[in-house]
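# Secondary and tertiary structure notes
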Amino acid sequence: MINGNDLRNAIISGANNIAGHKTQVDELNIFPVPDGDTGTNMSMTMTAGLKELVKSDGGTVGAVAHTAASALLRGARGNSGVILSLLFRGFSKGLEGLEAASGSDLANALDMGVEAAYKAVMKPTEGTILTVSRVACEKGKAAAEIDDDVVYVWSAICKGAAEALEETPELLPVLKKAGVVDAGGKGLCYIFDGMMSVFKDGVVVASDAAEPAAEAGRDDFFRNAAAEFDQVINFTYCTEFIVGRDAGCAKEPQELRAYLEGIGDCVVVVDDDEIIKVHVHTEDPGNALQAGLTFGQLLTVKIENMKEQHRLAAEANEEAKAKAKKELERVEPAEEIGFVAVAAGEGLETLFTDLGCAQVVSGGQTMNPSTNDIVAAVLATPAKNVLVLPNNKNIIMAAEQAIPLVTDRKVIVLPTRTVPQGLSAMLAYDPDMSIEQNTITMMKAAGNVATGQVTFAARDSEFGGHKIKEGDILGLENGKLTLIEKDIVHTCSKLTRSMVSRTTSFITIIYGAEVTEEQANDAYNRIKNKISSDIEVTLVNGGQPVYYFMVSVE
């Protein structure tokens with residue numbers, strides 16, 4: 001049997017484990033377009049639960065599960081994060097009212113989570129996190145019939161998850177072609193394994209158990225010094241360096257650690273056969289570097305004044321909090337209807353505001369807002385009926401999770417999948433029509449929009465029979481990769497012209513933050529000169545990240 005404190009530590013351990021391996025999970029994403037990566041979204045979702053659990057003193061198994069599930073739901077980011085939160089919400093319901101839990105209790109609770117996750121997905125796809133969770137649950141329930149011991153059952157769950165993960169390429173051809181397993185399923189395995197560490201050995205996976213040094217980028221090894229403190233800083237200088245080990249040096253890295261602990265704190269020394277990575281807070285960074293030099297050559301050095309960084313970070317944080325508090329203050333639902341949109345980029349935020357959105361949640365492809373972000377925006381909208389436009393397929397589920405969390409006004413999610421769809425929907429709004437009529441009309445308008453996007457390849461990959469190199473310019477039509485080019489203006493022009501049909505009346509070209517005005521005008525002129533003069537073409541500075549151009553064809 002496990003008690004509430006055991007479960008609390010297990011969930012924290014699971015959160016730490018996915019956080020330490022999120023980059024490895026991110027790299028399993030097969031589509032080359034930069035996005036809100038699976039590992040990052042799952043880690044951020046679990047971290048929301050971790051933060052609440054750290055504040056609590058445990059309690060019963062049921063209470064701990066409820067605390068975690070509630071926080072995960074509000075902090076869910078991206079589809080993978082939402083599915084993860086649903087697994088834990090069902091898990092929580094299965095443990096409701098229990099002081100302690102047996103192996104069969106955990107397996108049955110997970111079964112409720114799997115059921116909730118499957119029900120939430122309109123068209124469940126096998127070969128994903130859903131399959132991994134389902135098979136893990138089945139193995140766990142079968143094990144519970146043999147032995148009700150928690151370790152025995154959870155071990156079967158972890159083994160079942162791992163076996164199901166290895167089978168995902170057989171269920172999804174796109175995974176098999178790319179030679180990878182499902183990213184969401186892999187993330188779930190890390191979470192289950194982190195929980196197992198507590199159930200079996202009583203050990204919480206450390207929060208700084210990041211990816212092994214050989215796998216993690218050097219810049220990711222150390223955390224930013226400014227974020228590490230919110231009270232007293234005992235030593236001024238955060239000193240970080242990497243030493244290329246001298247083959248003739250017989251000294252052990254533990255000697256360096258012992259010396260550094262005598263001149264500072266927060267000492268981290270990690271080594272392999274070739275390098276030694278060092279992190280220390282000290283008043284004498286020069287002495288730390290000199291000690292490192294006795295082991296070999298310095299490859300990289302970074303020294304930061306933490307007191308100055310902390311002062312600047314604290315000022316910026318207070319300004320951000322004051323701004324957020326002012327912008328997202330809860331208001332009474334006085335008006336009949338209001339709108340909340342999700343968009344990134346100053347130009348797009350202004351555009352949606354001008355079209356009537358009371359709140360624009362900052363977010364999009366690479367930074368999916370959480371359910372809690374959307375709830376806050378809804379509560380800051382002074383309307384009895386709030387229509388939410390996610391404007392991204394990976395944000396729709398998070399938006400829908402906000403519906404039951406808002407009780408003093410009605411939330412309606414219009415499942416817009418792109419920014420052009422959202423803009424078209426807002427333009428179709430008619431204040432003289434009922435909410436029901438507007439919902440139908442706005443979604444019909446969104447459905448009549450074809451969306452073109454010009455972005456870059458975030459990684460080398462092979463997709464749709466095409467070999468793609470990192471940095472290639474990609475053209476997407478309604479989310480499908482259609483062009484691989486080298487120039488953003490040429491790609492925008494070629495993509496737009498391929499989307500035009502006899503029924504096209506309007507084209508809107510929205511250029512992003514990385515596009516100059518000269519490039520935008522060049523794209524506009526090329527398109528204008530190659531299409532019918534009857535088609536109205538508009539150029540808008542959206543200021544969005546990731547996408548050089550977004551094109552709306554109606």
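Note that the coordinates shown come from a computational prediction; the quantities given were computed from them, not determined experimentally. (Residues numbered from 1 in each chain as written. Predicted model: local features only at pLDDT ≥ 70, side-chain atom pairs only at ≥ 80, totals over all residues. Heavy atoms only, no water.)

## Regarding the overall build of the protein chain
Secondary structure summary: the protein chain contains 21 helices and 16 strands in total. Within the protein chain, buried positions represent 51% of all 554 residues. (Helix = DSSP H or I, 4+ residues; strand = E, 2+ residues; numbered from the N terminus. Buried < 20%, exposed > 50% of the residue type's maximum accessible area, 1.4 Å probe, protein only.)

## Observations concerning unusual backbone geometry
Even without being a glycine, Asn391 presents a positive backbone phi close to 60°. With respect to the helices, strands and loops of the structure, Asn391 is situated in the loop between strand 7 (383-389) and helix 17 (396-401). According to the relative accessible area criterion, Asn391 is buried, its value standing at 5%. The backbone phi angle of Val546 is positive, close to 70°, even though this residue is not glycine. Counting through the fold element by element, Val546 comes out in the loop between strand 15 (536-541) and strand 16 (549-553).

## Some remarks on the sheet that holds strand 6 (residues 359-362)
Taken in spatial order, the four strands line up as 6-5-7-8 in an open sheet, and their pairing is parallel. The sheet is open, and its two edges are formed by strand 6 and strand 8 (410-413), each paired on a single side. On average, each strand axis in the sheet is inclined to that of its neighbour by 20°, with strand direction left out of account. Both strand 5 (residues 335-343) and strand 6 contribute to a ladder of four bridges, which runs parallel. Bridge pairing in strand 6 places Val342 opposite Val361. (Pairing = 2+ DSSP bridges. Axes fitted to C-alpha atoms, helices over the stretch in contact; angles between N-to-C directions.)

## Some details on empty space enclosed by the protein
Empty space left among the atoms is revealed by rolling a probe the size of a water molecule over them. For the structure on display, the rule yields one cavity of 30 Å³ or more. Lining the largest cavity, in full, are Leu87, Phe88, Phe91, Leu110, Trp154, Leu188, Phe192 and Met195. Here the residues of the lining of the largest cavity are counted per class, giving eight nonpolar, no polar and no charged. (1 Å grid on protein atoms, 1.4 Å probe; cavity = no way out; pocket = protein on both sides within 12 Å on 5 of 7 lines; lining within 4 Å. Points joined across faces, edges and corners; volume = space filled by probe spheres on them. Nonpolar A, V, L, I, M, F, W, Y, C, P; charged D, E, K, R; others polar.)

## A word on the pattern of salt bridges
The tally for this structure, following the rule as stated, stands at 14 salt bridges. We note a salt bridge from Glu115 to Lys119, for which the minimum N-O separation is 3.0 Å. Taken together, the residues span about one helical turn, with Glu115 and Lys119 both in helix 6 (residues 103-120) at a distance of four residues. Given the relative accessible area of 64%, Lys119 is considered exposed. The residue Arg134 makes a salt bridge to Glu138 at a minimum N-O spacing of 3.2 Å. Highlighted residues: Arg134 and Glu138, both in helix 7 (residues 129-146), separated by four residues, approximately one helical turn. Each of Arg330, Glu332, Asp408 and Arg409 takes part in a single network of salt bridges with overlapping partners. (Salt bridge = Lys/Arg side-chain N within 4 Å of Asp/Glu carboxyl O.)

## Side note on the pairing of strand 8
Across four bridges, strand 7 lies against strand 8 in parallel orientation. Considered in strand 8, the bridge of Val386 is made with Val411. Viewed along the sheet, the connection from strand 7 through helix 17 into strand 8 turns out right-handed. (Right-handed = clockwise from strand over helix to strand, strands pointing away.)

## Considerations on the environment of Ile509
Assignment of secondary structure puts Ile509 in strand 14 (residues 506-511). Judged by its relative accessible area of 0%, Ile509 falls in the buried class. A sequence separation of 56 residues divides Ile509 from Gln453, and the C-alpha atoms of the two residues are 9.9 Å apart. Apart from residues no more than four positions distant in its own chain, Ile509 is found in contact with Cys492, Tyr524, Ile527, Val537, Thr538, Leu539, Val540, Phe549 and Met550. (Contact = heavy atoms within 4.5 Å.)

## Observations regarding helix 12 (residues 253-263)
Residues that lie three or four places apart on an α-helix share one face, since the helix turns once every 3.6 residues. Taken residue by residue, helix 12 has Pro253, Leu256, Leu260 and Ile263 as its buried positions. Buried residues in helix 12, looked at end-on, bunch into an arc of 80°, giving them a common side. In helix 12, the exposed positions that point more than 90 degrees away from the buried face belong to Gln254 and Gly262. (Arc of directions from axis to C-beta.)

## As for the nonpolar core
Judged by nonpolar contacts, the single largest core of 66 residues is most densely connected at Leu7, Trp154, Phe192 and Met195. The greatest single-element share of this core, amounting to 10 residues, is contributed by helix 10 (residues 183-201). When near neighbours in sequence (up to four residues on either side) are disregarded, Trp154 contacts Phe91, Leu106, Phe192, Met195, Met196 and Phe199. (Core = buried A, V, L, I, M, F, W, Y, C linked by side-chain atoms within 4.5 Å.)

## Describing the confidence of the model for the protein chain
Taken over all residues, the pLDDT of the protein chain has a mean of 86, while the share at 70 or more is 89%. Note on residues 209-232: pLDDT is under 50 here. Beyond four places in sequence and across chains, it has 40 contacts. (pLDDT = per-residue confidence, 0-100.)

## Regarding the sheet that holds strand 15
Spatial ordering of the open sheet is given by 13-12-9-16-14-15, a layout of six strands whose pairing is mixed. Looking at which strands have only one partner, the edges of the open sheet turn out to be strand 13 (480-485) and strand 15. In this sheet, adjacent strand axes meet at a mean angle of 15° when their direction is disregarded. Sheet analysis places strand 14 next to strand 16, joined by five bridges and oriented antiparallel. Of the residues in strand 16, the one forming a bridge with Ile510 is Met550. Its contacts with the sheet place helix 18 (residues 419-427) against strand 9 (450-456), strand 14 and strand 16, and it is angled at close to 45° to strand 16.

## Some details on the pairing of strand 13
Sheet topology note: the strand 12 (residues 473-477)/strand 13 ladder contains five bridges and is antiparallel. If you follow Leu474 over to strand 13, its bridge partner there is Ile484. Counting the residues that bridge the hairpin from strand 12 to strand 13 gives two residues, and of these Asn478 lies at a positive phi of roughly 50°.

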